[in-house]
Amino acid sequence: MMRTEFLQNLIRQLSPRLDETSYVYCTVPKAHYGELEHLKPIVSIAELEGLTLVIPLEQAKAEGLDYYRVFSRITLEGHSSLEALGLTSVVTRVLAERGITTNVIAGFYHDHMFVPSDRTEEALRALEELAENPGG
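First, a word on scope: everything that follows refers to the structure included in this document. Keep in mind the model is a prediction, meaning the values are calculated, not measured.

What follows covers the overall build of the chain. Along its length, the chain carries four helices and six strands. Each of the 136 residues in the chain was classed as buried or not, and the buried ones make up 40%. For the chain, restricting intrachain contacts to residue pairs at least 6 apart in sequence, the fraction spanning at least 24 positions comes to 68%. Carbon and sulfur atoms provide 50% of the accessible area of the chain, an area that totals close to 8100 Å².

Let us look at helix 4 (residues 120–132). The terminal C-alpha atoms of helix 4, which comprises 13 residues, lie 19 Å apart, in line with the 18 Å expected from a rise of 1.5 Å per residue. Inspection of helix 4 places Thr120, Ala123, Leu124, Ala126, Leu127, Leu130 and Ala131 among the buried residues, and these make up the whole buried set. Taken around the axis of helix 4, the buried residues stretch over an arc of 160°, which confines them to a single face.

Before going further, it helps to spend a moment on the nonpolar core. Of all hydrophobic cores here, the largest spans 17 residues; its most connected members are Leu14, Ile74, Val91 and Leu95. When contributions to this core are tallied by element, the ones reaching two or more residues are strand 4 (70–76), helix 3 (87–97), strand 6 (111–116) and helix 4. Val24, Leu51, Ile55 and Ala60 belong to the second-largest nonpolar core, a separate cluster that totals 11 residues.

Once that is clear, we can look at the environment of Leu95. Summarising the element assignment, Leu95 is placed in helix 3. Classification of Leu95 by relative accessible area gives buried; the value is 0%. On a C-alpha basis, the gap between Leu95 and Ala123 in space is 6.5 Å, while along the polypeptide they are 28 residues apart. Not counting residues up to four positions away in its chain, the partners in contact with Leu95 are Ile100, Thr102, Met113, Val115, Ala123, Ala126 and Leu127.

Let's shift gears to the packing of aromatic side chains. By the definition in use, this model includes four aromatic pairs. Ring centres of Tyr23 and Phe114 lie 5.9 Å apart, and the angle between their planes is 90°; on these two criteria the pair is classed as edge-to-face. Taken together, the residues span a long stretch of sequence, with Tyr23 in strand 1 (residues 16–28) and Phe114 in strand 6 at a distance of 91 residues. Its relative accessible area of 4% is what places Tyr23 among the buried residues. When its relative accessible area of 1% is taken as the criterion, Phe114 is described as buried. One aromatic cluster is present, built from ring pairs that chain together Tyr23, Tyr25, Phe71 and Phe114.

So, about unusual backbone geometry. Phi is mostly negative for residues that are not glycine, and the peptide bonds are mostly trans. Notably, Lys30 is not glycine yet its phi reads approximately 60°, a positive angle. As for its position among the elements, Lys30 is in the loop between strand 1 and strand 2 (43–47). Positive phi, normally seen in glycine, also occurs at Lys40, with a value near 55°. Inspection of the secondary structure assignment puts Lys40 in the loop between strand 1 and strand 2.

Conventions we followed
Residues numbered from 1 in each chain as written. Predicted model: local features only at pLDDT ≥ 70, side-chain atom pairs only at ≥ 80, totals over all residues. Heavy atoms only, no water. Helix = DSSP H or I, 4+ residues; strand = E, 2+ residues; numbered from the N terminus. Buried < 20%, exposed > 50% of the residue type's maximum accessible area, 1.4 Å probe, protein only. Contact = heavy atoms within 4.5 Å. Areas by Shrake-Rupley, 256 points an atom, 1.4 Å probe, with all protein chains shown as cover. Expected span 1.5 Å × (residues − 1). Arc of directions from axis to C-beta. Core = buried A, V, L, I, M, F, W, Y, C linked by side-chain atoms within 4.5 Å. Phe/Tyr/Trp six-rings, centres within 6.5 Å; stacked < 30°, edge-to-face > 60°.

Structure, rendered in structure tokens:
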């Protein structure tokens, strides 16, 4: 199967699913992995400036942590490979064309798109339209 056909098949199987939890990105200077497990991060990234966490909004509020914006997580339920060449760029381009900021976290089984919570419905529609017409 040609690469284009493979990519179009992946796009047809996107099956975007909304997680009802609201998420925020927080950074905690000088923190190390494991120290903040009680915050239930779904993503932790060690950076020079500190530990960046993606955590439920309610957890951030309970801990008094600063955050910039509230995000929704849309999981692309179709099984994608970590080597699925071009899938992330196609999905982010479609959302960018609509002015929707997207932060992508690739898991082993699925890609997770974090979009501003006030643009969630529009992002879901865009992804569903893409799946219906993967060739553009």
